[in-house]
Amino acid sequence: MKKLTGITLIALVLLSFTTIDGKKEIKTGDSKVVWKGYKVTGSHEGTIDIKSGFLNFSEDVLTGGEFTIDMTTLSNTDLEGEYKGKLEGHLKSDDFFGVEKYPTATLKFTKVKSVSKNAYKVTGDITIKGKTESITFDLSVYGNKANAALKIDRTKFDVRYGSTSFFDGLKDKAIYDEFDIVADLEF
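Undergrad: Before we move on, can you summarise the pattern of salt bridges with the specific residues and values?
TA: Side chains that differ in charge, positive against negative, can pair when their charged atoms come close. Inspection of every chain in the model, using the stated rule, returns 9 salt bridges. With its nearest N and O atoms 2.9 Å apart, the salt bridge here joins Glu88 to Lys84. Remark: Lys84 and Glu88 occur in helix H2 (residues 81-92); sequence separation between them is 4 residues, near one turn of the helix. Owing to a relative accessible area of 25%, Lys84 belongs among the partly exposed residues under this scheme.

Undergrad: Can you explain the environment of Gly124? Please cite residues and give values.
TA: Mapped onto the secondary structure, Gly124 falls in strand E6 (residues 119-128). Along the backbone, Gly124 and Thr110 are 14 residues apart, and their C-alpha atoms lie at a distance of 4.8 Å. Residue contacts for Gly124: discarding those within four places in its chain leaves Leu107, Lys108, Phe109, Thr110, Glu133, Ser134 and Ile135.

Undergrad: Explain the nonpolar core to me, using residue names and the numbers behind them.
TA: One recurring pattern in soluble globular proteins: nonpolar side chains tend to sit buried together. Formed by 39 residues in total, the largest nonpolar core has its most connected members in Leu55, Phe97, Phe109, Phe137, Leu139 and Ile152. If we skip the residues at most four places from it in the chain, Phe97 touches Met71, Leu74, Leu91, Lys92, Tyr102, Ile128, Lys129, Val159 and Phe179.

Undergrad: Just give me the short version of the packing of aromatic side chains, but keep the residues and values in it.
TA: The full count for this structure, using the stated rule, is 6 aromatic pairs. Where Phe96 meets Phe97, the ring centres are 6.5 Å apart and the plane angle is 35°; that geometry is what we call tilted. Across the pair, Phe97 and Phe96 agree in class, each one buried. Grouping aromatic residues by their ring pairs yields a cluster made of Phe96, Phe97, Tyr161 and Phe179. The aromatic ring of Phe54 is capped on one face by Lys23, whose charged end is 4.3 Å from the ring centroid.

Undergrad: Outline the side chain of Asn76, listing residues and values.
TA: Looking at the secondary structure, you find Asn76 in strand E4 (residues 61-76). From its side chain, Asn76 meets the backbone oxygen of Glu45 in a polar contact 3.1 Å long. Once residues within four sequence positions are removed from consideration, Asn76 is found in contact with Trp35, His44, Glu45, Gly46, Lys84, Leu87 and Glu88.

Undergrad: I'd like to hear about H2, residue by residue, with values.
TA: With 12 residues, H2 extends 17 Å between its outermost C-alpha atoms, agreeing within 8% with the 16 Å of an ideal straight helix rising 1.5 Å per residue. Every buried residue of H2 is listed here: Leu87, Glu88 and Leu91. Taken end-on, H2 shows its buried residues confined to a sector of 95°, consistent with a single buried face. Pointing more than 90 degrees away from the buried face of H2 are the exposed residues Glu82 and Lys86. For H2, the secondary structure elements touched by its buried residues are strand E2 (32-39), strand E3 (42-58) and E4.

Undergrad: Can you tell me about the pairing of strand E8 (residues 145-153), naming the residues and giving the values?
TA: Taking every second residue as pointing to the same face, the buried face of E8 carries Ala146, Ala148, Leu150 and Ile152, while none of Lys145, Asn147, Ala149, Lys151 and Asp153 on the other face is buried. By the bridge criterion, 5 bridges tie strand E7 (residues 131-142) to E8 in an arrangement that is antiparallel. Bridge pairing links Leu139 to Ala148 in E8. Linking E7 back to E8 in an antiparallel pair, the connection comprises 2 residues, with Gly143 at a positive phi of about 65°.

Reading guide: rules and limits
- Residues numbered from 1 in each chain as written.
- Predicted model: local features only at pLDDT ≥ 70, side-chain atom pairs only at ≥ 80, totals over all residues.
- Heavy atoms only, no water.
- Salt bridge = Lys/Arg side-chain N within 4 Å of Asp/Glu carboxyl O.
- Helix = DSSP H or I, 4+ residues; strand = E, 2+ residues; numbered from the N terminus.
- Buried < 20%, exposed > 50% of the residue type's maximum accessible area, 1.4 Å probe, protein only.
- Contact = heavy atoms within 4.5 Å.
- Core = buried A, V, L, I, M, F, W, Y, C linked by side-chain atoms within 4.5 Å.
- Phe/Tyr/Trp six-rings, centres within 6.5 Å; stacked < 30°, edge-to-face > 60°.
- Lys NZ or Arg CZ within 6 Å of the ring centre and 35° of its normal.
- Polar contact = N/O pair within 3.5 Å; in protein donor to acceptor, adjacent residues only side chain to side chain.
- Expected span 1.5 Å × (residues − 1).
- Arc of directions from axis to C-beta.
- Pairing = 2+ DSSP bridges.

As structure tokens, then:
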């Protein structure tokens, strides 16, 4: 009995010091990406699915990552019925993300800087509607989970509908250029 207890104790100690190392695939079914867009009269939000993705680690330190987002899954969660369908259709149309021609968006990490034990400043190339721009955002890692919050300027990707940067006289029909993405990831 003492031998079994000793082996169990040693196993627990060794497992508690196990490091995260290598390429960790994102569990797409357990991960969630929420978007939120703003307009003069309020906001809309919804979800979008990760098609594939991974994070790279070396001895518990994040070193890279890459994600593909399935733009065809863009959905709204704050409306119902006819208005929900209309908004989703409009967001998928060429006025916004043109998902028929551009069914995916990608994010590829180009630089990862550790700012504390579990926090990173990530720079990456984000591609939406065939246009690539650099973006910097914060990402936190705890165990087998990660969280990131991104602010994206849609006009950099030719998503100009309702933008006061391109159209005058929109008044209460104006849609702000930046939208938010919050990603809760499991790997």
